[in-house]
Amino acid sequence: MPPQDEAGGATPGELTPATVLVVDDNTTNRLLLAGILRRAGHRVLAVASGSEALETCRAQPPDLVLMDVMMPDMDGYETTRRLKALLGDRHVPVIFLTAMTDDEALAQCIEAGGEDFLVKPYNPLLLQAKMRAALRTRGLYREMQAQRDALARHEQRQRGDLEIARKMFESMSRADRLDAPNVRHFLWPMEVLNGDLILVSRTPSGGQQFLVGDFTGHGLPAAIGALVVHDVFHAMSAKGFSVEEILLELNAKLLASLPTGRFLAVAMIELDADCGRALVWNGGLPDLLVVSGQVVRLRIPSDRLPLGIVAGGSIDTTPRVIELAEGDRLFVHTDGLVEASSPAGEMFGAARIEQSVRCAAGGGDLIDRLADDLLRFVSGAAQCDDVSALEILCDRRLLAAQDAPAGAPAVTRPPMDWQLEMTFGASALKHTEPLPALLQVIADLQGLQGKRAQIYMVLCELYSNALEHGLLGMDSALKHSAEGFVQYYEQRRRALAALEEGTLSVGFRHRGEERGGVLTIGVRHSGRGFDHARVLPGLDGNDGLCGRGIRLVQSICRRVTYAEGGRSVEVEYAWRND
Amino acid sequence: MGISATASQDGAEIRIRISDRFDFNLHRDFRSAYERHGGSGARYVLDLSDTSYLDSSALGMLLQLREHAGGSKDAVNIVNASPGIREILQIANFDRLLTIR
């Protein structure tokens, strides 16, 4: 019968009975110890030498070893060292049996790998106590190893899941135009799934929209949020929605799906097809840089709240207008780049970033140079955040050379006859941008997806002219000076907010022909007209009333007719099934 | 290291001091500090004099505190923030959501 534990009950990790290996060259000692142990209920293996001990352990490792120090051939220390090597990962406690009592002896025991030592003559109670302590330690080791193994298995499973998720995420990103010729970037996630994202799309009017985002946290929650942002951005951008509208929709979706405390720091940029101006919005990212040559010409700091924190009514999604020259570069990055640290713990910092930016020559060299500088700086130190950077080159030809937007799969419909007109009052004009929705309707209806960009361009021209010159009474001359451009849009915003009355109608009439059709677009407004007979002929080679001008409309449409004192315009757009 | 919190006599103001790194590791302690001492309606003062580092998860924790405190701007006050910490709060425009003194 095993003796009762004085404290009552067995402590966790204790083994009663245990298998004890007794190693002692002296027969009497061996028998004495074996006796004590057997009476205590343990199973005993007794050997007379170190080599026998090793043999026994190879066959069947015991729970505990009582090791005599003084033995011929191999002493207790050497045997223990070899034993530990043999057992490897398995922890078997060794208690030395010795006649020496000094501190040096104890130190040697511990150094050889023993747990404790026992001095002759043996006190049975002390022997039991030391054994119990040693077995308790062994129990803890066992538990720790089991937990470690379970954790390793769990981690492996999770990594497998994340890898699958990453692949899914990648295949869903096909709508992305990160490969556009005027775009360079790098994305270095900290873990398998990236908490940063860079999205690029082509708008129906031939420009580009960009989104660079940084979710709080990393891993799975951030990646799931990124999927939502990705879908909303691409769906809306392909339909020609504005930066403001996309930001509002994103904010609403993120506010609804992210828990309190999680948000998306984001910057959005819209570059027009001319690369003459950009709309910029920064809510939570480090300064966006506009670089002309080797000078940082402009810094756009974060002056808005990140998305997903406050409701739409409290968020200002109005972007800033900046004008650009051919060859200018826009540079956007997340805070991971600023905070990347060297082995010494120093941060890369904004100063170094600007340094790299300034030293870079043109042609996409900035991103390569920055990547090199960063890698050299961190030189192997652990990465603690996702690092992302985007460079946009304002080059009109590069932009135009791109393929048309992928968009929705082409739907063909037989040419049909139909007509539609919508009239907007002042309140509608103030609060909505109706063109994307309208374009969506007519493109879907007649299957004109492939002609979308052109029709949209024409629509935009006619609509902006009617709204800005006709109803808001603005003077486009302001738009053509360098500083005037920014002022123009500020004026437009104010004038639109103050608009009290007036109407603007957009009408479509479609006549189907044998293998195509003619779409007649009419725009009418109730405001100020202009002497079209006098003004229009003089527009040769000029930018025109706004944007790319009436010249472009005239080149796309086969007829452009003004009437009602300049208050209405009608164009005919002919298309054929290719 | 970590968080220390004290409540005023009448319980109307809770002062929380955060030392060194304000990051995700303090998540649980931070939450129990404000939940234990006060509810919504109390005023929270966060003393960041010893805080040298603050990351985006800390910003998230500030938002959670703000929600707990009832959501108004003067419910959460940040005092003694270093210039570096201020800058982080500035970039995120958190001065619109909390009071930073």
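Just so it is clear, the structure is predicted and the values come from calculations on it, not from any experiment.

**Concerning the pairing of strand S20 (residues 568-576) of chain A**
Where a strand is regular, its side chains alternate between the two sheet faces.
Residue and element names in this part refer to chain A.
Argument step 1. As paired strands, strand S18 (residues 516-525) and S20 are joined by nine bridges and run antiparallel to one another. Residue pairing in the sheet places Gly516 in a bridge with Arg576 of S20.
Argument step 2. Alignment of strand S19 (residues 559-563) against S20, held across five bridges, turns out to be antiparallel. Its bridge partner being in S20, Val560 is matched across the sheet by Val571.
Argument step 3. The turn joining S19 and S20, which pair antiparallel and follow one another in sequence, is formed by four residues; a positive phi near 50° is taken by Glu564.

**Points about helix H5 (residues 124-172) of chain A**
Residues and elements named next belong to chain A.
Argument step 1. The terminal C-alpha atoms of H5 lie 72 Å apart, and with 49 residues this matches the ideal 72 Å at 1.5 Å per residue to within 8%.
Argument step 2. Buried residues of H5: Leu127, Gln128, Lys130, Met131, Ala134, Leu135, Arg138, Gly139, Gln145 and Phe169, and no others.
Argument step 3. Next to the buried residues of H5 lie strand S1 (19-23), helix H1 (27-39), strand S3 (64-68), strand S4 (94-98), strand S5 (116-119) and helix H6 (219-238).
Argument step 4. In this structure Asn123 caps H5, since a side-chain oxygen of it lies 3.0 Å from the backbone nitrogen of Leu125.

**What to know about the pattern of salt bridges**
Argument step 1. Tallied over the entire structure, the rule returns 35 salt bridges over all chains.
Argument step 2. With a closest N to O distance of 2.5 Å, Arg166 of chain A and Glu163 of chain A form a salt bridge. Linking Arg166 of chain A with Glu163 of chain A, this pair stays in helix H5, spanning three residues, or about one helical turn.
Argument step 3. With a shortest N-O distance of 2.6 Å, Arg43 of chain B and Glu13 of chain B are connected by a salt bridge.

**Description of the packing of H5 of chain A against H6 of chain A**
Residues and elements named next belong to chain A.
Argument step 1. Packing of H5 against H6 brings their axes to within 11 Å, and their N-to-C directions diverge by 15°. Classified by the angle between their axes, H5 and H6 sit roughly parallel to one another. The way H5 lies across H6 gives a crossing that is left-handed. Between H5, through Leu162, Phe169 and Met172, and H6, the contact on the second element is made entirely by Leu220, Ala223, Ala226, Leu227 and His230.
Argument step 2. When grouped by side-chain class, the residues that make up the contact of H5 with H6 number seven nonpolar, one polar and no charged.

**Some words on the interface of chain A and chain B**
Argument step 1. Counting residues at the interface gives 15 residues for chain A, matched by 14 residues for chain B.
Argument step 2. For the pair chain A and chain B, the summed buried area comes to about 1,100 Å², and 62% of that belongs to carbon and sulfur atoms.
Argument step 3. Put simply, chain A and chain B have six residue pairs in polar contact (both at pLDDT 80 or more) between them.
Argument step 4. Per-class residue counts for the side of chain A that touches chain B are seven nonpolar, six polar and two charged.

**Digging into empty space enclosed by the protein**
All names here are of chain A.
Argument step 1. A complete count under the given rule lists one cavity of 30 Å³ or more for this structure.
Argument step 2. Roughly 40 Å³ of volume is contained in the largest cavity.
Argument step 3. Along the walls of the largest cavity sit Val280, Trp281, Asn282, Ile300, Asp303, Arg304, Thr318, Pro319 and Arg320, which together make up its complete lining.
Argument step 4. In terms of residue count, strand S10 (residues 277-283) provides more of the lining of the largest cavity than any other element does, three residues in total.

**Comments concerning the side chain of His42 of chain A**
Residues and elements named next belong to chain A.
Argument step 1. Turning to its location among the elements, His42 is positioned in the loop between H1 and strand S2 (43-47).
Argument step 2. Accessibility expressed as a relative area gives 9% for His42, which makes it buried.
Argument step 3. Polar side-chain contacts of His42 include one of 3.1 Å to the backbone nitrogen of Ala18.

**Considering a nonpolar patch on the surface**
Argument step 1. Where nonpolar side chains cluster on the molecular surface, the patch consists of Ile164, Met168 and Met172 of chain A and spans about 300 Å² of accessible area.
Argument step 2. Assignment of secondary structure puts Met172 of chain A in helix H5.

**Let's talk about the sheet that holds S2 of chain A**
All names here are of chain A.
Argument step 1. Across the sheet, which stays open at both edges, the five strands sit in the order S2-S1-S3-S4-S5 with parallel pairing between neighbours. Each of the sheet's edge strands pairs with one partner strand only, and the pair in question is S2 and S5. Looking at each pair of strands side by side, their axes are set apart by 20° on average, direction ignored.
Argument step 2. Pairing analysis gives four bridges linking S3 to S4, with the strands arranged parallel. Looking at the pairing, Val65 lines up with Val94 of S4.
Argument step 3. On the sheet, helix H2 (residues 50-59) packs against S1 and S2 and is oriented at approximately 160° with respect to S1.
Argument step 4. On top of the sheet, H5 reaches S1, S3, S4 and S5; it is set at about 170° to S5, its chief contact.

**Thoughts on the sheet that holds strand S12 (residues 295-300) of chain A**
Residue and element names in this part refer to chain A.
Argument step 1. Taken in spatial order, the five strands line up as S6-S15-S14-S11-S12 in an open sheet, and their pairing is antiparallel. The open sheet is flanked by strand S6 (183-188) and S12, the only strands paired with a single partner. Strand-to-strand twist in this sheet, taken as the mean axis angle between neighbours without regard to direction, amounts to 15°.
Argument step 2. The strands touched by helix H10 (residues 365-378) are S6, strand S14 (329-333) and strand S15 (387-393); relative to S6, the strand with the most contacts, the crossing angle is about 25°.

**Side note on the packing of helix H13 (residues 435-446) of chain A against helix H14 (residues 452-471) of chain A**
Residues and elements named next belong to chain A.
Argument step 1. For the pair H13 and H14, interaxial distance at closest approach is 11 Å and the crossing angle is 140°. Between H13 and H14, the interaxial angle falls into the category oblique. Considering how the two elements wind past one another, H13 and H14 form a crossing that is right-handed. Taken together, the residues of H14 that come into contact with H13 (itself represented by Leu435, Pro436, Leu439, Gln440 and Ile442) are Arg452, Ile455, Tyr456, Leu459, Cys460 and Tyr463.
Argument step 2. Residue classes in the contact of H13 with H14 are distributed as nine nonpolar, one polar and one charged.

**Here we look at H10 of chain A**
Residues and elements named next belong to chain A.
Argument step 1. Look at H10: 20 Å from first C-alpha to last across 14 residues, which is about the 20 Å you get at 1.5 Å a residue.
Argument step 2. Taken together, the buried positions of H10 are Leu366, Ile367, Leu370, Ala371, Leu374, Phe377 and Val378. The arc enclosing the buried residues of H10, seen along the axis, measures out at 135°, which places them on a common side.
Argument step 3. Packed against the buried residues of H10 are S6, S14, helix H8 (335-339), helix H9 (349-359) and S15.
Argument step 4. Backbone geometry just downstream of H10 places Ser379 in the positive-phi region, at approximately 20°.

**Looking at the confidence of the model for chain A**
Residues and elements named next belong to chain A.
Argument step 1. Confidence in the prediction for chain A averages 84 pLDDT; 89% of positions are at 70 or higher.
Argument step 2. The low-confidence segment residues 1-15, where pLDDT is below 50, has 16 contacts with residues more than four positions distant or belonging to other chains.
Argument step 3. Segment residues 541-548: pLDDT under 50, and 25 contacts once partners within four positions in sequence are set aside and those in other chains are kept.

What counts and what doesn't
- Residues numbered from 1 in each chain as written.
- Chains lettered and ligands numbered in written order.
- Predicted model: local features only at pLDDT ≥ 70, side-chain atom pairs only at ≥ 80, totals over all residues.
- Heavy atoms only, no water.
- Pairing = 2+ DSSP bridges.
- Helix = DSSP H or I, 4+ residues; strand = E, 2+ residues; numbered from the N terminus.
- Expected span 1.5 Å × (residues − 1).
- Buried < 20%, exposed > 50% of the residue type's maximum accessible area, 1.4 Å probe, protein only.
- Contact = heavy atoms within 4.5 Å.
- Polar contact = N/O pair within 3.5 Å; in protein donor to acceptor, adjacent residues only side chain to side chain.
- Salt bridge = Lys/Arg side-chain N within 4 Å of Asp/Glu carboxyl O.
- Axes fitted to C-alpha atoms, helices over the stretch in contact; angles between N-to-C directions.
- Parallel < 35°, antiparallel > 145°, perpendicular 65-115°, else oblique.
- Left-handed = near helix turned anticlockwise from the far one by under 90°.
- Nonpolar A, V, L, I, M, F, W, Y, C, P; charged D, E, K, R; others polar.
- Buried area = accessible area lost by both parts, 1.4 Å probe.
- 1 Å grid on protein atoms, 1.4 Å probe; cavity = no way out; pocket = protein on both sides within 12 Å on 5 of 7 lines; lining within 4 Å.
- Points joined across faces, edges and corners; volume = space filled by probe spheres on them.
- Patch = residues over 30% accessible without salt bridge, like charges linked within 9 Å, V, L, I, M, F, W, Y side chains within 5 Å.
- Areas by Shrake-Rupley, 256 points an atom, 1.4 Å probe, with all protein chains shown as cover.
- Arc of directions from axis to C-beta.
- pLDDT = per-residue confidence, 0-100.

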